[in-house]
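Here's the letter readout for the chains.
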Amino acid sequence: MKPCIVYLAQNTKRDSQYGRDSRSMLEMSLDLLYLNYNDQFKHDILIFHEGDFDLESQKEVRKGRDEIKFQEIHFQIPSFLKSEEIPILWDGKYGLGHRHMARFYSVTIFHILSELGYDWFMRMDDDSFIHSKINYNLFEFMDRNGYQYGYRAILKEPQRPTLGFSEAVFAYIKAERLKPKTFLDNFDLSTSVNYEYFSFKGMLKKRLTIFLEKLLNTLNHDFHNWPLPTEWNRLTYYNNFLITNINFWMRRDVQAFVGHFDRLGGTYKYRWTDHILHTAAVQIYLSEEKVFQFDDWTYEHATIKDGNLEWGGIFEGKDDKNNPVVKDFIKKYGKARHDY
Ligand SMILES: Nc1nc2c(ncn2[C@@H]2O[C@H](COP(=O)(O)OP(=O)(O)OP(=O)(O)O)[C@@H](O)[C@H]2O)c(=O)[nH]1
Ligand SMILES: [Mg+2]
């Protein structure tokens, strides 16, 4: 087993997307990671950057911790997309850097790490903070239990950056005649707007139609489990912390799926981000028992704007009750927000 921990980082006191002090957050995230975990386990930590960490800054961040290695990368819009179709600012707000980051984590990272010889990785962002002591090796825990994808929290993604995504996934699974493992559980038939279910008659009609269509599906195509198309519930893995097996992502079928969505260009055109693609890929190709939610340790990932909690928050570990960090955070910003 050759695991690593990965950051994508920016050496700035004010990042262009959110105006945050990325450099200080990175150092704080690393200090907590070492204090609570990596002092014990000494995994390699790769910090990807776009050339803005010079040797002096690298030394300052590393602080003598030899496991930390800096890796320079350069982002560009892939040549198979037409750059004139891609908005410089998506919705007048999200710059290209944010979308490069999304492509990095949903497409390129697996190849880069695989070529470097790694078979597992854990993702941390500069605004990801582990607040509890973790006394077991996270990678060995995953491997020993047969898990391939681990996450810490679930996020209900807002509708705007998912428009068309689940339909595109549907198109793919139909054309490829796939039988998704759990992705389809996230389509709630009862919320369908195609039927007049406000009256008793309407409800009966709806149930009967669903039953008949399902029956027809089963009779005609017993290889699949496609439901009637309705709204996706948009529950996604909040993947600013994740831990996954790279061999899963390098599987031929998973690569075909990821490549298909990369070529569609939805990341750049519609801001279909890395966590919605991860969620779909994991839930199409991995059965439930291979996906694991950590809940024992306390994790913080919060988007704070003008002193207010916009998104995310602090997620208390069930084995770390009464951590003062949690109380202080909630007192200042309130409970975690992960539902739109
Ligand atoms: N080098 C580089 N890093 C980036 C860029 N955009 C984001 N990152 C880094 O990628 C990681 C994830 O970015 P975030 O801005 O936290 O994105 P996010 O988690 O989707 O957004 P929030 O949920 O609001 O935190 C962070 O460590 C960022 O510093 C970029 O344009 N260039
Ligand atoms: Mg973040």
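Presented here is a report on the structure given in the accompanying data block. Quantities reported herein were computed from a predicted structural model and do not represent experimental measurements.

Cut-offs used in this document
Residues numbered from 1 in each chain as written. Chains lettered and ligands numbered in written order. Predicted model: local features only at pLDDT ≥ 70, side-chain atom pairs only at ≥ 80, totals over all residues. Heavy atoms only, no water. Helix = DSSP H or I, 4+ residues; strand = E, 2+ residues; numbered from the N terminus. Buried < 20%, exposed > 50% of the residue type's maximum accessible area, 1.4 Å probe, protein only. Contact = heavy atoms within 4.5 Å. Near = heavy atom within 4 Å. Polar contact = N/O pair within 3.5 Å; in protein donor to acceptor, adjacent residues only side chain to side chain. Pairing = 2+ DSSP bridges. Axes fitted to C-alpha atoms, helices over the stretch in contact; angles between N-to-C directions.

Side note on the side chain of histidine 49
Reasoning step 1: Positionally, histidine 49 belongs in strand β2 (residues 44-49).
Reasoning step 2: On the accessibility criterion, histidine 49 (2% relative accessible area) is buried.
Reasoning step 3: Residue contacts for histidine 49: discarding those within four places in its chain leaves Ala9, Gln58, Phe70, Gln71, Glu72 and Ile73.

Looking at unusual backbone geometry
Reasoning step 1: Within the chain, arginine 177 stands out as a residue other than glycine whose phi angle is a positive 55 degrees.
Reasoning step 2: Here arginine 177 is to be found in the loop between α5 (165-175) and α6 (200-220).
Reasoning step 3: Taking the relative accessible area as the measure of exposure, arginine 177 reaches 58% and is therefore exposed.
Reasoning step 4: Residues other than glycine seldom take positive phi values, yet arginine 271 does so here, at roughly 60 degrees.
Reasoning step 5: Here arginine 271 falls in the buried class, since its relative accessible area comes to 10%.

A closer look at the site of ligand 1
Reasoning step 1: Within the structure, ligand 1 sits among 15 residues, and Leu8, Glu50, Asp126, Asp127 and Thr303 are positioned closest to it.
Reasoning step 2: Within the side chain of arginine 20, one N or O atom sits 3.2 Å away from an oxygen atom of ligand 1.
Reasoning step 3: At a separation of 3.4 Å, an oxygen atom of ligand 1 approaches a polar backbone atom of glycine 97.
Reasoning step 4: Secondary-structure elements contributing two or more residues to the shell around ligand 1 are α3 (96-115) and β11 (299-305).

Comments concerning the sheet that holds strand β1 (residues 3-8)
Reasoning step 1: Taken together, the seven strands give an open sheet; going across it, the order is β3-β2-β1-β4-β9-β6-β10, and neighbouring strands pair in mixed fashion. Edge strands, defined here as strands with exactly one partner in the open sheet, are β3 (68-72) and β10 (291-293). On average, adjacent strands in this sheet sit at an angle of 20 degrees to one another, irrespective of strand direction.

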